[in-house]
Amino acid sequence: MATLTIRKLDDKLKERLRVRAAEKGRSMEAEARSILEGALESSPAQTGGDLVRSLRKHFEKSGFLDMELPPRKELPRDVSDLFE
């Protein structure tokens, strides 16, 4: 396991971390680890930075991506008159 030292941490930020850790019944170190893990799990680098890829990955498990779309029975209506 690696060790990380954070220098020049603002006193107010450290106090907020202490309070948050106490509220969850953990040490400041454990809370800092939890915050880092959560932040890095949802980072754009891991999801590809692309909303579509992220959604596809999420819904792939449910089988929704394999569904056949029903054929369109009518043409889309003309909406150009709405913008005049």
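Located above this text is the structure these notes cover.
Bear in mind that the values here come from a model prediction, so they are computed numbers and not experimental data.

K.L.:
Which parts of the structure should I look at to understand the overall build of the protein chain?
P.N.:
Assigned secondary structure in the protein chain consists of four helices and zero strands. For the protein chain, the sequential pattern of α-helices and β-strands runs α-α-α-α. Against the compact-globule benchmark of 12 Å for 84 residues, the protein chain has a radius of gyration of 24 Å, which places it well outside the compact range. Over its C-alpha atoms, taken along the principal directions, the protein chain stretches across nearly 65 × 40 × 25 Å. Burial analysis of the protein chain (84 residues in total) assigns 5% to the buried set. Accessible surface for the protein chain amounts to roughly 8600 Å². Of this, 56% is attributable to carbon and sulfur atoms.

K.L.:
What is the right way to read unusual backbone geometry from this model?
P.N.:
As a rule of thumb, non-glycine residues mostly have phi less than zero, and peptide bonds are mostly trans rather than cis. Residue lysine 8 is not a glycine yet carries a positive backbone phi of 55°. Turning to its location among the elements, lysine 8 is positioned in the segment before α1 (11–23).

K.L.:
Help me understand the packing of α1 against helix α2 (residues 28–41) in this model?
P.N.:
Packed helix pairs are specified by the crossing angle of their axes together with the interaxial distance, meaning the distance between the axes. Interaxial distance between α1 and α2 falls to 9 Å at its minimum, and their mutual angle equals 95°. Considering their axes alone, α1 and α2 lie roughly perpendicular with respect to each other. In this structure, α1 uses Lys14, Leu17, Arg18, Arg20 and Ala21 to contact α2, whose residues at the interface are Met28, Glu31, Ala32 and Ile35. Along the lines of polarity and charge, the residues of the contact of α1 with α2 split into five nonpolar, no polar and four charged.

K.L.:
What exactly am I supposed to notice about the side chain of glutamate 31 here?
P.N.:
Locating glutamate 31 in the fold gives a position in helix α2. Given the relative accessible area of 0%, glutamate 31 is considered buried. For glutamate 31, the side chain forms a polar contact with the side chain of arginine 26, separated by 2.7 Å.

K.L.:
How should the pattern of salt bridges be read in this particular structure?
P.N.:
A side chain of one charge can pair with a side chain of the opposite charge if their charged atoms are brought near each other. In this structure the tally under the stated criterion is five salt bridges. For glutamate 31, the salt bridge identified is with lysine 24, shortest N-O distance 3.5 Å. A salt bridge links glutamate 31 to arginine 26, with the nearest nitrogen and oxygen atoms 2.7 Å apart. It is possible to trace a salt-bridge network through shared partners that takes in Arg20, Lys24, Arg26 and Glu31.

K.L.:
Could you clarify how one ought to interpret a nonpolar patch on the surface in this entry?
P.N.:
Judged by side-chain polarity, Leu4, Ile6, Leu9, Leu13, Leu36 and Leu40 come together as a nonpolar surface patch covering roughly 600 Å² of accessible area. Note on placement: leucine 36 falls in helix α2.

Here is what the cut-offs are and how they apply
- Residues numbered from 1 in each chain as written.
- Predicted model: local features only at pLDDT ≥ 70, side-chain atom pairs only at ≥ 80, totals over all residues.
- Heavy atoms only, no water.
- Helix = DSSP H or I, 4+ residues; strand = E, 2+ residues; numbered from the N terminus.
- Rg over C-alpha atoms; globule rule 2.2 N^0.38 Å.
- Buried < 20%, exposed > 50% of the residue type's maximum accessible area, 1.4 Å probe, protein only.
- Areas by Shrake-Rupley, 256 points an atom, 1.4 Å probe, with all protein chains shown as cover.
- Axes fitted to C-alpha atoms, helices over the stretch in contact; angles between N-to-C directions.
- Parallel < 35°, antiparallel > 145°, perpendicular 65-115°, else oblique.
- Contact = heavy atoms within 4.5 Å.
- Nonpolar A, V, L, I, M, F, W, Y, C, P; charged D, E, K, R; others polar.
- Polar contact = N/O pair within 3.5 Å; in protein donor to acceptor, adjacent residues only side chain to side chain.
- Salt bridge = Lys/Arg side-chain N within 4 Å of Asp/Glu carboxyl O.
- Patch = residues over 30% accessible without salt bridge, like charges linked within 9 Å, V, L, I, M, F, W, Y side chains within 5 Å.

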